Amino acid sequence: MSMSDKDEDAESLLSGIEHYHEKVHRGTFSVSKLLLLCLSYLLTAGGGAWLGSNWLFSPASICAELTARYSPVIGDLGLSYKTVQYNGSFFKLNAFRQDAGPEVDAAWSSLGVDYRAIAVPSDQASRSGFAQDQVKISEKYGGGFPANVEGLHHLHCLNLLRKSLYYNFDYYHAQGEGAFKNNDVILKNHITHCLDIIRQQLMCIVDVGMLGQVWWDPQAPKSFVDFNTKHMCRSFEEIRQWAEERQLPEHMPKDFLAPPKEGDLIYDAVP
Ligand SMILES: *[C@@H]1O[C@H](CO)[C@@H](O)[C@H](O)[C@H]1NC(C)=O
């Protein structure tokens, strides 16, 4: 639901209440009608405050407006936040830190790292940062612009770095799936592309939280950095689900993409 849809909803809601007021005014005065008037006034004021704090002027929606570029995720879900405790354990391995194998792959896969593209509707394309001559889906197949949620690409990249770690590399290289289907020159470019995208992302959203220290070893206390910090995090699960549900079909017909038109920008090389 877009902001303007919400405005319209809010307006029609309020206009309904105005009409109610008029009816109350037209009747002859009585105590019960005065009570009714007060009650409806309270409901209007209370409803307005609720709308204001939860919907139109919520800190989260103002925050989204100021700190995130528009995307259909924001249009559909808004941005909601919750407190998350990081797992910064040094020696206790969670599901994402296991040795190469089907279990650890399943853990990473459950994050949506390999989802197919979604379609950004044409009327949200320019707000989402797309030029009109970018790649489009044929009208025959619903139109729109094929696109991926950027945060899921970052996780895809992190997963590729994991697979490329010196102690995992041989396993995934022998398997020859996904990025490992390519020759080693392309694979190396893919890996450094991923490393550098994650660098830029981490710099973009530089975390200004503080890592304190804790004592360990009661016999001979030593200090150690406490990596198990709390964070205000966007609701990842909601966004993952949004992207999962909207994936384009697995097998694309040959004419799925609309070919470029005369005058559309076509780069000489991969940008
Ligand atoms: C981190 O994960 C490991 C493995 O699941 C668990 O044993 C440990 O208690 C977790 N630590 C925190 C602080 O959540």
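Analysis parameters
- Residues numbered from 1 in each chain as written.
- Predicted model: local features only at pLDDT ≥ 70, side-chain atom pairs only at ≥ 80, totals over all residues.
- UniProt positions renumbered as here; feature names shortened; annotations may be inferred.
- Helix = DSSP H or I, 4+ residues; strand = E, 2+ residues; numbered from the N terminus.
- Buried ≥ 20, exposed ≤ 12 C-beta atoms within 10 Å, placed from the backbone.
- Contact = placed C-beta atoms within 7 Å.
- Near = placed C-beta within 6 Å.
- Nonpolar A, V, L, I, M, F, W, Y, C, P; charged D, E, K, R; others polar.
- Pairing = 2+ DSSP bridges.
- Axes fitted to C-alpha atoms, helices over the stretch in contact; angles between N-to-C directions.
- Parallel < 35°, antiparallel > 145°, perpendicular 65-115°, else oblique.
- Left-handed = near helix turned anticlockwise from the far one by under 90°.
- Expected span 1.5 Å × (residues − 1).
- Arc of directions from axis to C-beta.
- pLDDT = per-residue confidence, 0-100.

Per an unreviewed UniProt entry, the protein chain goes by the name Tat pathway signal sequence and belongs to Tothia fuscella. We quote the UniProt Sequence similarities (unreviewed entry) comment for the protein chain here in full: "Belongs to the ustYa family."

A. Region of the structure containing the overall build of the protein chain. Counting its regular elements, the protein chain contains 9 helices and 8 strands. A buried classification covers 9% of the 271 residues belonging to the protein chain. Long-range pairs, those at least 24 residues apart, make up 62% of the contacts in the protein chain with a sequence separation of at least 6.

B. Local environment of the site of the ligand. Residues in close proximity to the ligand include Asn-87, Ser-89, Lys-92, Asn-94 and Asn-228, which together make up its full environment. Split by residue class, the shell around the ligand holds no nonpolar, 4 polar and 1 charged.

C. Region of interest: unusual backbone geometry. One non-glycine residue, Asp-217, lies in positive phi territory at about 75°. Mapped onto the fold, Asp-217 is located in the loop between strand E5 (213-216) and strand E6 (222-225).

D. Main features of the pairing of strand E7 (residues 230-234). Counted residue by residue, E7 has 0 buried out of 5 residues, so it is predominantly exposed. Pairing between strand E1 (residues 81-85) and E7: 5 bridges, direction antiparallel. Across the sheet, residue Lys-82 finds its bridge partner in E7, namely Cys-233.

E. Local environment of the packing of helix H6 (residues 150-163) against helix H8 (residues 184-204). Viewed as axis vectors pointing N to C, H6 and H8 meet at an angle of 130°, and their least axial separation amounts to 9 Å. By the criterion of interaxial angle, the relationship of H6 to H8 is oblique. Like other packed secondary-structure pairs, H6 and H8 cross with a definite hand, here left-handed. Between H6, through His-154, Cys-157, Leu-158, Leu-160 and Leu-161, and H8, the contact on the second element is made entirely by His-190, Ile-191, Cys-194, Leu-195, Ile-197, Ile-198 and Gln-201.

F. Representation of H6 in the model. Along its 14 residues, H6 runs 20 Å from first to last C-alpha, staying within 8% of the 20 Å computed at 1.5 Å per residue. The complete set of buried residues in H6 reads His-156, Cys-157, Asn-159, Leu-160 and Lys-163. For H6, the buried positions fall inside an angular range of 160° around the axis, keeping them on one side. Considering only its buried residues, H6 is in contact with helix H5 (102-109), helix H7 (169-175) and H8.

G. Molecular detail of the environment of Phe-256. Its place among the elements puts Phe-256 in the loop between helix H9 (236-245) and strand E8 (257-258). For the pair Phe-256 and Ser-138, spaced 118 residues apart in the sequence, the C-alpha separation amounts to 5.7 Å. Once residues lying within four places of it in the same chain are set aside, the contact partners of Phe-256 are Ile-137, Ser-138 and Tyr-141.

H. Layout of the confidence of the model for the protein chain. The predicted model of the protein chain averages 86 in pLDDT, with 79% of residues at 70 or higher. Segment residues 1-29: pLDDT under 50, and 15 contacts once partners within four positions in sequence are set aside and those in other chains are kept.

I. Examining the pairing of E6 more closely. Here E5 pairs with E6 via 4 bridges, running antiparallel. By the bridge assignment, Trp-216 is partnered in E6 with Lys-222. Counting the residues in the hairpin turn of E5 and E6 gives 5 residues, including Asp-217, whose phi is positive at 75°.

J. Quick peek at the environment of Asn-182. The residue Asn-182 is located in the loop between H7 and H8 in this model. Judged by the 13 C-beta atoms lying within 10 Å of it, Asn-182 is partly exposed. Among all residues touching Asn-182, those that are not within four sequence positions of it are Leu-187 and His-190.

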